[in-house]
There are 2 protein chains.
Amino acid sequence: MDLFYLENIRDRVVIEGETYKHLRAHHIKTRDKIFFTNGKGLLATGKIVECMKQKIIVDVLEVKTMPPRDNKAILYTPILKQTERLDWLVEKTVELGVSELIPIITERTIKTTIKLTRLQNIIKYSSLQSLKFYFPHICEPIFFEEAIKNNIKMKRTICYCGTELEKTQFFDFLQPKEDIGIFIGPEGDFTIDEVNKAIYNGIIPVSLGKQRLRSETAAIVSLTIFAIKNNL
Amino acid sequence: MDLFYLENIRDRVVIEGETYKHLRAHHIKTRDKIFFTNGKGLLATGKIVECMKQKIIVDVLEVKTMPPRDNKAILYTPILKQTERLDWLVEKTVELGVSELIPIITERTIKTTIKLTRLQNIIKYSSLQSLKFYFPHICEPIFFEEAIKNNIKMKRTICYCGTELEKTQFFDFLQPKEDIGIFIGPEGDFTIDEVNKAIYNGIIPVSLGKQRLRSETAAIVSLTIFAIKNNL
């Protein structure tokens, strides 16, 4: 099954622009059955009526609302120095089931801006590729101090490599079916001061294991654990 | 701790070339204490004697042989169409503790060659970055039919997305402390014919979960599971 994006799902749609190119890259032809989502939970089944230069006409035969997942994983993501490392973090955590990405500016964050449209596009294509009908949300970066005051009713964890304090294994800590907030630090990790502030705000310090992982790998590992625990 | 590469560990060493650049990038200076490995289990502690243009002189103060890990994970890795996706697969699986990488040519493999030196370099730097004293081995690609006749005394699994046959969850199947061989398919997966051949050769078909993952993500997820199970 290949999944394509369609912002407005109606009975008959004219497809142009990016989705047109995406369909063309899949060599679709007249009378092919195709699947669309709007990224907000709708799954539409359509039939290609006509393929023209620069546009394709599709009849939508059926529209279903797909059930949202029971619980969510919010990733407080580091902004990495190298653009492509952040791109990968986003692509992979989307594949693995992240619900929302909140970029955070911490003490050791070097780059404090993101290319939001670029990352939204990566989220869109990674969602389509991994057949997700709800595209995860991403926002502009916020400060760590603000982030730790967010979603306070949710179970939240901060992944930390330092050995100054006792940490639980994230794998043992995470329970199935619960919402989880996960803080991942930038290159060079969080400062102990930041971790203490997080703890003060009810966030649990956790470890992802004994191996030294890069930031983007830590994010991917935390989402893999979320997927395993929730049988995704 | 930062770790650097040194092929021949002796009492006094003159460092040039790539390791010289690597040290320079870390802004080391005279009298700094540094750590080296030869990638074959040795950990050397050295002291910078002199920093010159294009070379650095180091006195090695102590050499230890680090214990190898008890069990290994051999990844039969797909050769991905896009070079950077294979680069990432290699970098990340090394971070997560892969012991050996064997690229395989399968029915749906489009690109059948790899850049061995480039990948060995990625392995080296990923090992150093994640503090690994044994660099994983990688070889030139071999055919799938040959690969399934390899390491037959080892527990081996083939990750497969198709639904024609019953599969065990890799997470439930893998036990701590055992050697494991993991086959990951290329874009478009293995063919059912290949999976049947694998089964005939004693390889167990497994699933990595219900989500549709890209090949490189599947490889990273399988190694994450290996790391969790072995408490790495």
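A.B. asks: What is the right way to read helix α6 (residues 192-200) of chain A from this model?
C.D. replies: Side chains of residues three or four places apart in an α-helix project in the same direction, reflecting 3.6 residues per turn. Residue and element names in this part refer to chain A. Taken together, the buried positions of α6 are occupied by Glu194, Val195 and Ala198. In a view along the axis of α6, the buried residues occupy a sector of 100°, so they form one face of it. Close packing links the buried residues of α6 with α4 (144-147), β10 (155-159) and β13 (204-207).

A.B. asks: Quick question: what am I supposed to make of the interface of chain B and chain A here?
C.D. replies: Interfaces are often sized by the amount of accessible area the parts lose when they come together. Contact with chain B, which involves 32 residues of that partner, is made by 32 residues of chain A. Roughly 2,800 Å² is buried in total at the junction of chain B and chain A, and carbon and sulfur atoms are behind 54% of that figure. When the area that chain B buries against chain A is broken down by residue, the three leading residues are Trp88, Gln211 and Arg212 of chain B, summing to 27%. Taken together, the connections running from chain B to chain A amount to 6 salt bridges. Between arginine 214 of chain B and glutamate 91 of chain A there is a salt bridge, with its nearest N and O atoms 3.5 Å apart. Across the contact surface, chain B and chain A share 23 residue pairs in polar contact (both at pLDDT 80 or more). Contributing elements (two or more residues each) for the side of chain B that touches chain A: α2 (83-95), α3 (116-129) and α7 (215-229) of chain B. If one sorts the elements of the side of chain B that touches chain A by residue count, α7 of chain B sits on top with 8 residues. Of the residues contributing to the side of chain B that touches chain A, the split by class is 13 nonpolar, 8 polar and 11 charged.

A.B. asks: Please clarify how the relation of the copies chain B and chain A should be interpreted in this entry.
C.D. replies: One copy of the chain maps onto the other through a rotation about an axis followed by a shift along the same axis. The two copies are related by a screw motion: chain B maps onto chain A through a turn of 180° and a shift of 0.0 Å along the axis, at an RMSD of 0.0 Å. When the rotation and shift are considered jointly, the pair of chain copies conforms to a two-fold rotation axis. With an isologous cut-off of 70% or more, the 100% of interface residues of chain B that recur at the interface of chain A puts this contact in the isologous class.

A.B. asks: Looking at this structure, I do not really get the pairing of strand β6 (residues 73-78) of chain A. What am I missing?
C.D. replies: Across a regular strand the side chains alternate sides, sitting on one face of the sheet and then on the other. Residue and element names in this part refer to chain A. Extensive coverage of β6 is indicated by the burial of 6 of its 6 residues. For β6 and strand β12 (residues 180-183), the ladder comprises 4 bridges, and the chain directions are parallel. Looking at β12, one finds that tyrosine 76 is bridged to phenylalanine 183. For β6 and strand β7 (residues 100-105), the ladder comprises 5 bridges, and the chain directions are parallel.

A.B. asks: How do you make sense of helix α3 (residues 116-129) of chain A when you look at a structure like this?
C.D. replies: All names here are of chain A. When the terminal C-alpha atoms of α3 are compared, their 20 Å separation across 14 residues agrees well with the 20 Å that a helix rising 1.5 Å per residue should span. Residues of α3 that are buried include every one of Leu116, Leu119, Ile122, Ile123, Lys124, Ser126, Ser127 and Leu128, and no others. Along its buried surface, α3 packs onto β1 (3-5), α1 (17-25), β3 (33-37), α2 (83-95), β7 and β8 (137-138). One or two steps after α3, the chain reaches leucine 131, where phi turns positive at roughly 55°.

A.B. asks: Help me understand the domain arrangement of chain A, please; the structure alone is not making it clear to me.
C.D. replies: Residues and elements named next belong to chain A. Split into domains, chain A comes out as domain 1 (3-65) and domain 2 (73-229). One C-alpha centre belongs to domain 1, the other to domain 2; they are set 33 Å apart. With 12 residues of domain 1 in contact, the opposing surface of domain 2 contributes 9 residues. Taking both partners together, domain 1 and domain 2 bury about 920 Å²; carbon and sulfur atoms supply 65% of that area. On the domain 1 side of the interface with domain 2, the three residues burying the most area are Leu3, Tyr5 and Glu18, jointly 49% of the side's total.

A.B. asks: Please clarify how the sheet that holds strand β4 (residues 42-51) of chain B should be interpreted in this entry.
C.D. replies: As a general point, the strands of a sheet are linked pairwise by backbone hydrogen bonds and lie either parallel or antiparallel. Residues and elements named next belong to chain B. Ordered by their spatial adjacency, 5 strands build an open sheet running β1-β3-β4-β5-β2, and the pairing between neighbours is mixed. Of all the strands in the sheet, just β1 (3-5) and β2 (12-15) have a single pairing partner and so form its edges. Strand-to-strand, the axes of this sheet are offset by a mean angle of 45°, without reference to chain direction. Pairing between β1 and strand β3 (residues 33-37): 3 bridges, direction parallel. Paired with leucine 3 across the bridge in β3 is phenylalanine 35. On top of the sheet, helix α1 (residues 17-25) reaches β1, β2, β3, β4 and β5 (56-65); it is set at about 160° to β1, its chief contact.

Here is what the cut-offs are and how they apply
Residues numbered from 1 in each chain as written. Chains lettered and ligands numbered in written order. Predicted model: local features only at pLDDT ≥ 70, side-chain atom pairs only at ≥ 80, totals over all residues. Heavy atoms only, no water. Buried < 20%, exposed > 50% of the residue type's maximum accessible area, 1.4 Å probe, protein only. Helix = DSSP H or I, 4+ residues; strand = E, 2+ residues; numbered from the N terminus. Arc of directions from axis to C-beta. Contact = heavy atoms within 4.5 Å. Buried area = accessible area lost by both parts, 1.4 Å probe. Salt bridge = Lys/Arg side-chain N within 4 Å of Asp/Glu carboxyl O. Polar contact = N/O pair within 3.5 Å; in protein donor to acceptor, adjacent residues only side chain to side chain. Nonpolar A, V, L, I, M, F, W, Y, C, P; charged D, E, K, R; others polar. Least-squares fit on C-alpha atoms with pLDDT ≥ 70 in both. Pairing = 2+ DSSP bridges. Expected span 1.5 Å × (residues − 1). Domains from an automatic or database assignment. Axes fitted to C-alpha atoms, helices over the stretch in contact; angles between N-to-C directions.

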